Amino acid sequence: DTAVSQTPKYLVTQMGNDKSIKCEQNLGHDTMYWYKQDSKKFLKIMFSYNNKELIINETVPNRFSPKSPDKAHLNLHINSLELGDSAVYFCASSQDPINSPLHFGNGTRLTVT
Amino acid sequence: AQSVAQPEDQVNVAEGNPLTVKCTYSVSGNPYLFWYVQYPNRGLQFLLKYITGDNLVKGSYGFEAEFNKSQTSFHLKKPSALVSDSALYFCAVREEGNNRLAFGKGNQVVVIP
C-alpha cells in the first residue's frame, strides 16, 4: 500500500496550458505539503496545509493554487504553464507540522515544452 | 533565519569503509534536525531525527548522526558502507517556533564496489 501517492507520475504539456497534480495520503496525517525540486535537486517548499487550513504559502506565482478537499488530499493546480515550471513536484505528509518527519510521494515530473 | 549547509557535492567511499556526510546548521533557537535519503526517481525517505535528548541518534539502515551544539553540526555516519547506500542525502533543520523545514542542497554519495 502506497502511503503517499501522487498522480500523474509524468506530465508533458505545452506552454500556456492548465494542469493539475493530485495527491492522497493514507497515513491519517494532519499535515500535507507541496515541494518543488529543480534540476539541481534543490528542494523548495511551496504550500502546506494542516487540518485543511493553509499554514505555509511561500512566494510562488499565483498561477499555482493548492486545494485540500479533506485531510487526506492535497491537489495542485497550475494555470498558464511556463517553461520555468518544469521540475519534479513532490507531495508529502506528516503527523504534525513541527516535530514529525515527512513522508514523500514519488514525485510528478512536469515538463513544459 | 534558519539554514543548512552541506559543504560537499559528492562523497565517494569504498564499500565496507566508514561513510560520513557532513551537515552544519544555523538557527535562532533550538534546532530540530533531520536526515533524508533520495534514490533515483523516488521521493525522499526519512532516516533519522534529533529533537532533544541523546546527542547520538540511531536511524534506519544502520545510519546514525551526532548532534554537536558547539559546532552546530549534525553529521550522518555509517560504520560500513554498502553499494546500495549510493543515493542523494539531504540534511534539514527546523528552528523552534518555525513551521518551515529548511533543506540543504543534498550530497550525492557514491559507494564504490
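Note that the coordinates shown come from a computational prediction; the quantities given were computed from them, not determined experimentally. Here, residues in each chain are numbered from 1, in the same order as that chain's written sequence. Ligands are numbered from 1 and chains lettered from A, in the order in which they are written. Local features in this predicted model are restricted to residues of pLDDT 70 or higher, and side-chain atom pairs are both shown and tallied only at a pLDDT of 80 or more, whereas totals for entire chains, interfaces and linings draw on every residue. As a rule here, side-chain values cover all heavy atoms of the structure and leave hydrogens and water aside.

Caption draft 1: Broad picture of the overall build of chain B. The numbering of helices and of strands both runs from the N terminus, where a helix is a DSSP run of H or I of at least 4 residues and a strand a run of E of at least 2. Secondary structure summary: chain B contains zero helices and 12 strands in total. The secondary structure elements of chain B, listed N-terminal to C-terminal, are β-β-β-β-β-β-β-β-β-β-β-β. In this description the radius of gyration comes from C-alpha coordinates, and the expected globular size is given by 2.2 Å times residues to the power 0.38. A compact globule built from 113 residues should have a C-alpha radius of gyration of about 13 Å, and chain B, at 13 Å, falls within 12% of that. Reported as C-alpha extents along the three principal axes, the dimensions of chain B are approximately 45 × 30 × 20 Å. Every one of the 113 residues in chain B was classed for burial, and the buried ones make up 46%. A residue counts as positive if it is Lys or Arg and as negative if it is Asp or Glu; His and the chain ends are not included. Lys charges are placed at NZ, Arg charges at CZ, Asp charges at CG and Glu charges at CD. Here chain B contributes 10 positively and 9 negatively charged side chains, and the mean placements of these two sets differ by 5 Å. Relative accessible area decides the class of each residue, using a 1.4 Å probe on protein chains only: under 20% of the type maximum gives buried, over 50% gives exposed, and in between gives partly exposed.

Caption draft 2: Summary view of the overall build of chain A. Counting its secondary structure elements, chain A contains zero helices and 11 strands. Listing every helix and strand of chain A by position from the N terminus yields β-β-β-β-β-β-β-β-β-β-β. A compact globule built from 113 residues would reach a C-alpha radius of gyration of about 13 Å, and chain A, at 13 Å, matches this within 12%. Each of the three principal axes of chain A carries a C-alpha extent, and together these read 40 × 30 × 25 Å.

Caption draft 3: The arrangement of the interface of chain B and chain A in detail. We call two residues in contact when some of their heavy atoms are within 4.5 Å. Listed by partner, the interface residues are 20 residues for chain B and 22 residues for chain A. Together, the buried faces of chain B and chain A total about 1,800 Å²; carbon and sulfur atoms form 54% of this surface. Looking at the side of chain B facing chain A, the largest losses of area belong to Leu44, Asn99 and Arg100 of chain B, adding up to 26% of the total buried there. Whenever Lys or Arg places a side-chain nitrogen within 4 Å of a carboxyl oxygen from Asp or Glu, that contact is recorded as a salt bridge. Summed over the shared surface of chain B and chain A, the result is one salt bridge. Summed over both partners, the accessible area lost on bringing two parts together, with a 1.4 Å probe, is the buried area.

Caption draft 4: Region of interest: the state of the cysteines. In what follows, a disulfide is any cysteine sulfur pair within 2.5 Å. If you walk through the whole model with that rule in mind, you get two disulfides over all chains. The side chain of cysteine 23 of chain A participates in a disulfide bridge whose partner is cysteine 91 of chain A; the two sulfur atoms lie 1.8 Å from each other. Its S-S torsion of about -75° marks the bond between cysteine 23 of chain A and cysteine 91 of chain A as left-handed, since a negative value means left-handed. Remark: cysteine 91 of chain A occurs in strand S9 (residues 87-94) and cysteine 23 of chain A occurs in strand S3 (residues 19-25); sequence separation between them is 68 residues. Like cysteine 23 of chain A, the residue cysteine 91 of chain A is buried in the burial classification. A sulfur-sulfur distance of 2.0 Å marks the disulfide that ties cysteine 23 of chain B to cysteine 91 of chain B. Between cysteine 23 of chain B and cysteine 91 of chain B, the S-S dihedral sits near -65°, and the bridge is therefore left-handed. Here cysteine 91 of chain B lies in strand S10 (residues 87-95) and cysteine 23 of chain B lies in the loop between strand S3 (19-21) and strand S4 (24-26), a separation of 68 residues in the sequence. With respect to burial, cysteine 23 of chain B and cysteine 91 of chain B carry one shared label: buried.

Caption draft 5: Local environment of the confidence of the model for chain B. Note on scores: pLDDT gives the predictor's confidence for each residue, bounded by 0 and 100. Within chain B, residue pLDDT values average 95, and 100% of them lie at 70 or more. When the elements of chain B are averaged for pLDDT, strand S11 (residues 102-103) of chain B gives the smallest value, 94, and strand S9 (residues 73-78) of chain B the largest, 98.

Caption draft 6: Region of the structure containing the pairing of S9 of chain A. Residue and element names in this part refer to chain A. Among the eight residues in S9, eight count as buried, and that is most of the element. Of the two faces of S9, the one holding Ala87, Tyr89, Cys91 and Ser93 and the one holding Val88, Phe90, Ala92 and Ser94 are both buried throughout. In this scheme, strands are said to pair when DSSP sees at least two bridges between them. Judged from the seven bridges that link them, strand S4 (residues 31-37) and S9 form a sheet pairing that is antiparallel. Considered in S9, the bridge of tyrosine 33 is made with alanine 92.

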